[in-house]
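Coordinates in review
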Amino acid sequence: MRQLIAGNWKMNLDTVACRTLAQAVKAMAANSRGELAVFPPSCYLPTVAECLRGSAVSWGAQNVHFEAKGAFTGEISASMLADLTCGYTIVGHSERRQLFGETDDQVNRKALALLAAGIQPIICVGETLQQREAGQTQDIVRSQMTGSLAKFTAEQLSQTVIAYEPVWAIGTGKTATPDQAQAVHADLRKWLEIRYNQTLASTVRILYGGSVKADNANDLLSQPDINGALVGGASLQASAFAAIAEAAKG
Ligand code: PEP
């Protein structure tokens, strides 16, 4: 399956820097067998969309609210993101879960709102270091999957991307080894197979995220159950993101 390399720009850059980076990513598409997508701060989505429209690169937001409209000061709805022609949107990033108290139930409602608006959610799951050391990785990620994908039909799942992001590897420079990541990805796929079926489970993209860089991208992306990368820090440096994009498999 064609791998997806997604750049989460988080709360960084300004108009000029977003435009420059988006243009650089657009140029990278020619050298990547994978699909590329970028996730700027929401206020810069129109700027990025203007740079990327008509190119092979997709764009999306880092968060969404699950309500359709109304008195929700500071929030952005899925239909607004659809209006900005977002192809994907990240939900349940560990920073949202940890810093803003986002629950699996909220992640589920956000993902369903995105799907209803025709946007593919990228649902993040992952354990903390303490949970990994306590041998709870499988239980934690399976329970996040159960909550975040509640009530998903097979059709909805087919439009969904999963991102396994061990919290201890995000922004820390510590990457899961290819074997550690592959083991969790294989377990997530098994979970999907049990809940749905083998055919569907084999076609759902499961991205790895957590300190993916130019020098570890190829090993991670060569694992059989890793279908792409969600990249934070390295996505802000055009040269590093280009190297990861080049490591993507078709
Ligand atoms: C992320 O924020 O999703 C992420 C994986 O960050 P980093 O690549 O910086 O670890």
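Structure: see above.
Description of the structure in this document.

The rules behind these values
- Residues numbered from 1 in each chain as written.
- Predicted model: local features only at pLDDT ≥ 70, side-chain atom pairs only at ≥ 80, totals over all residues.
- Heavy atoms only, no water.
- Axes fitted to C-alpha atoms, helices over the stretch in contact; angles between N-to-C directions.
- Helix = DSSP H or I, 4+ residues; strand = E, 2+ residues; numbered from the N terminus.
- Parallel < 35°, antiparallel > 145°, perpendicular 65-115°, else oblique.
- Left-handed = near helix turned anticlockwise from the far one by under 90°.
- Contact = heavy atoms within 4.5 Å.
- Buried < 20%, exposed > 50% of the residue type's maximum accessible area, 1.4 Å probe, protein only.
- Pairing = 2+ DSSP bridges.
- Phe/Tyr/Trp six-rings, centres within 6.5 Å; stacked < 30°, edge-to-face > 60°.
- Lys NZ or Arg CZ within 6 Å of the ring centre and 35° of its normal.

Focus on the packing of helix H1 (residues 15-28) against helix H2 (residues 45-52)
Interhelical geometry of H1 versus H2 gives an angle of 30° and a closest axis separation of 9 Å. Taken together, the axes of H1 and H2 lie roughly parallel to each other. Viewed along their axes, H1 and H2 form a crossing whose handedness is right-handed. Facing H1, whose interface residues are Thr15, Cys18, Arg19, Ala22, Gln23 and Lys26, H2 presents Thr47, Val48, Cys51 and Leu52.

Brief notes about the pairing of strand E8 (residues 228-231)
Burial along E8 is two-sided: the face carrying Gly228 and Leu230 and the face carrying Ala229 and Val231 are both buried. For strand E1 (residues 4-8) and E8, the ladder comprises four bridges, and the chain directions are parallel. Bridged to glycine 7 within E8 is valine 231. By the bridge criterion, two bridges tie strand E7 (residues 206-209) to E8 in an arrangement that is parallel. Residue glycine 209 lies in a different strand from E8, and its bridge partner there is leucine 230.

Overview of the packing of aromatic side chains
All chains considered together, the criterion is met by one aromatic pair. On the basis of an interplanar angle of 55° and a centroid distance of 6.3 Å, the ring pair of tyrosine 164 and tyrosine 208 is categorised as tilted. One end of the pair, tyrosine 164, is in strand E6 (residues 161-164); the other, tyrosine 208, is in strand E7, and 44 residues separate them in sequence. By relative accessible area, tyrosine 164 is classed as buried at 0%. The class for tyrosine 208 is buried, based on a relative accessible area of 1%. Above the face of the phenylalanine 100 ring, arginine 96 is positioned so that its terminal group lies 4.1 Å from the ring centre. Note that arginine 109 overlies the ring of phenylalanine 66, its terminal NZ or CZ placed 4.0 Å from the centroid.

These values are about where atoms sit, not about what they do.
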